Amino acid sequence: MSELITNIGELMTQDQDQGTRRNAAVVLEGERVAWIGDAVHAPAADTATDAHGRAVLPGWVDSHSHLIFAGDRTAEFEARMAGEGYTAGGIAVSVAATRAAGDYDLTRLALGRVAEAVAQGTTYLETKTGYGLDVEHEARSARIASTIADEATFLGAHLVPAGADADEYTELVCGEMLRAVRPFVKWADVFCETGAFTPEQSRRVLTACRDAGLGLRVHGNQLGPGAGAALAVEFGAASVDHVNYLTDDDVDRLAQSWSGWAGGTGDRGTVATVLPACDLSTRQPLAPARRLLDAGVQVAIASNCNPGTSYTSSVAFCVTTAVLQMGLSVHEAVRAATWGGALALHRETGADEDGRRAVGSIAVGHRADLHMLKAPSATHLAYRPGIPLTHAVWKAGVREA
Ligand SMILES: N=CN[C@@H](CCC(=O)O)C(=O)O
Ligand SMILES: [Zn+2]
């Protein structure tokens, strides 16, 4: 089956060759993009959709979320809005509720969050464990994550559970827990922060997970300056996420990690993933996305949807904030939330070992993940903040919303 989407007012492909086109058309064939060009030259297809001048972007690639949880942390949020600071300790509340939930409920809750994200234009999604924190519940979370999301990440090193010895728990994460989750996940993550895991414990987790064949990610420099970004670069992690408190050396290291990557090929570095909704919800200083881009660091924008620090799956909200508050252009912010997210998940180019198609940009042969706005241009995402602008969503060529 093929579908022609025509009369696209602005087609922001985020593809180097295609750029942003006016009065464009796209043909989808099965799960892939088969043709891109001027609407006046569009070929026939089995079905046709008239965009009536609306804008089309790649679907959002949300490279950082924590969707496998039960329970509610409204009280913690209210306390924070009344002036209390965020600490990692709140994670324990979600751990208790998550362990208490049955498999059916936990899966249903997570699926509901995925549906909410897709309805807002997200077509590729990573999610993490991290609210189980024992072997049984981390393995269960990993299994559910692998069924509801495109990419699953092991975050056993999210918090040392109450009553546990930090070093013993770290050993558990690196041993029995890692073996239990391994069949379900592609990535491992560690929360390297005061109140969570020390640099030395984080190093042990990263080493064990790398040795087990997992790709690496790091939660770092969220609540204060720390070792997260430096460790991420040292271990060749795909991304370091949060990055609110970076020193000049951290920025230099991240930029240096991309020095062998020219024109989209060569050695990858570590993507700096900024999480604007989390920064607002925790009242942290916004991550320095402008400074990172200017230094030559590849940047992604993600929702960090989770019950503690960022209970939203709206990548559009994050893009809006990145433009209005972080100094990014609309094109840069959309790029970071599409192609940048794909880069952070190693999904920006063609088929990998899994044989899957590139996501995060619109090009012939890439996965047909499209997001049509109720607006003539992507600029409206920032120009009309808070307005739900998703008109239609295609995921792998299938109309989802
Ligand atoms: N910072 C660590 N983990 C999550 C928050 C987890 C929570 O508070 O439940 C985050 O990315 O912000
Ligand atoms: Zn997170």
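Residues numbered from 1 in each chain as written. Chains lettered and ligands numbered in written order. Predicted model: local features only at pLDDT ≥ 70, side-chain atom pairs only at ≥ 80, totals over all residues. Heavy atoms only, no water.

Under an unreviewed UniProt entry, the name given to the protein chain is Imidazolonepropionase, and the source organism is Arthrobacter wenxiniae. Of the protein chain, the UniProt comment under Subcellular location (unreviewed entry) reads exactly: "Cytoplasm". The Pathway (unreviewed entry) field of the UniProt record for the protein chain holds the comment "Amino-acid degradation; L-histidine degradation into L-glutamate; N-formimidoyl-L-glutamate from L-histidine: step 3/3." (UniProt positions renumbered as here; feature names shortened; annotations may be inferred.)

Colleague: Tell me about the nonpolar core, and please be specific about residues and values.
Modeller: Counting residues in each nonpolar core, the largest one holds 99 residues, and the members touching the most others are Trp60, Leu292, Ile301, Val334 and Leu381. For this core, the element with the highest residue contribution is helix H11 (residues 315-326), accounting for seven residues. Inspection of this core shows a minimum of three residues originating in each of domain 1 (2-58 + 361-399) and domain 2 (60-344). Leaving out residues up to four positions away in the same chain, valine 334 has contacts with Met12, Gln14, Leu57, Trp60, Val319, Ala378 and Leu381. Residues Ala51, Val56, Leu370 and Ala392 belong to the second largest nonpolar core, which totals 16 residues. (Core = buried A, V, L, I, M, F, W, Y, C linked by side-chain atoms within 4.5 Å. Buried < 20%, exposed > 50% of the residue type's maximum accessible area, 1.4 Å probe, protein only. Helix = DSSP H or I, 4+ residues; strand = E, 2+ residues; numbered from the N terminus. Domains from an automatic or database assignment. Contact = heavy atoms within 4.5 Å.)

Colleague: Give a description of the site of ligand 1 that names residues and reports values.
Modeller: Contacts to ligand 1 come from 16 residues, most closely from Arg73, Tyr86, Tyr131, Gln222 and Thr309. Here asparagine 304 contributes a side-chain N or O atom positioned 3.0 Å from an oxygen atom of ligand 1. At 2.6 Å, a side-chain N or O of threonine 309 approaches an oxygen atom of ligand 1. Its free accessible area being 330 Å², ligand 1 has 100% of it covered by the protein chains. Because more than half of its atoms lie within 2 Å of the grid, ligand 1 is assigned to the largest cavity. Looking at the shell around ligand 1 residue by residue, the classes come out as five nonpolar, ten polar and one charged. (Near = heavy atom within 4 Å. Polar contact = N/O pair within 3.5 Å; in protein donor to acceptor, adjacent residues only side chain to side chain. Areas by Shrake-Rupley, 256 points an atom, 1.4 Å probe, with all protein chains shown as cover. 1 Å grid on protein atoms, 1.4 Å probe; cavity = no way out; pocket = protein on both sides within 12 Å on 5 of 7 lines; lining within 4 Å. Sits in = over half its atoms within 2 Å of the grid points. Nonpolar A, V, L, I, M, F, W, Y, C, P; charged D, E, K, R; others polar.)

Colleague: Just give me the short version of the packing of helix H5 (residues 166-181) against helix H6 (residues 199-211), but keep the residues and values in it.
Modeller: Put simply, H5 and H6 touch, their axes get as near as 10 Å, and they point 10° apart. In terms of axis orientation, H5 runs roughly parallel to H6. Of H6, the residues touching H5 (which contributes Ala166, Asp167, Thr170, Glu171, Val173, Cys174 and Leu178) are Gln201, Arg204, Val205, Ala208 and Cys209. Grouping the constituent residues of the contact of H5 with H6 by class yields seven nonpolar, two polar and three charged. (Axes fitted to C-alpha atoms, helices over the stretch in contact; angles between N-to-C directions. Parallel < 35°, antiparallel > 145°, perpendicular 65-115°, else oblique.)

Colleague: Any details on the UniProt feature "binding site: 4-imidazolone-5-propanoate" (unreviewed entry) in the protein chain? Residues and values, ideally.
Modeller: Here the UniProt-annotated "binding site: 4-imidazolone-5-propanoate" (unreviewed entry) positions come out as Arg73, Tyr131, His158, Gln222 and Thr309. As for the annotated residues, the ones lining the largest cavity are Arg73, Tyr131, His158, Gln222 and Thr309. You can see histidine 158 is positioned in the loop between strand E8 (151-157) and H5. Among all residues touching histidine 158, those that are not within four sequence positions of it are His66, Ile91, Gly130, Tyr131, Leu133, Phe191, Ala196 and Phe197. Among the polar contacts listed, one links the side chain of histidine 158 to the backbone oxygen of glycine 130, at a separation of 2.9 Å. Among the structural elements, glutamine 222 can be located in the loop between strand E10 (215-220) and helix H7 (228-234).

Colleague: Lay out the domain arrangement of the protein chain with the relevant residues and their values.
Modeller: Considered domain by domain, the protein chain is made up of domain 1 (2-58 + 361-399) and domain 2 (60-344). Placing a centre on the C-alpha atoms of domain 1 and another on those of domain 2 gives a separation of 29 Å. Each side of the interface is counted separately: domain 1 has 19 residues, and domain 2 has 20 residues. With both chains or domains summed, domain 1 and domain 2 bury close to 1600 Å², and 63% of this area falls on carbon and sulfur atoms. (Buried area = accessible area lost by both parts, 1.4 Å probe.)

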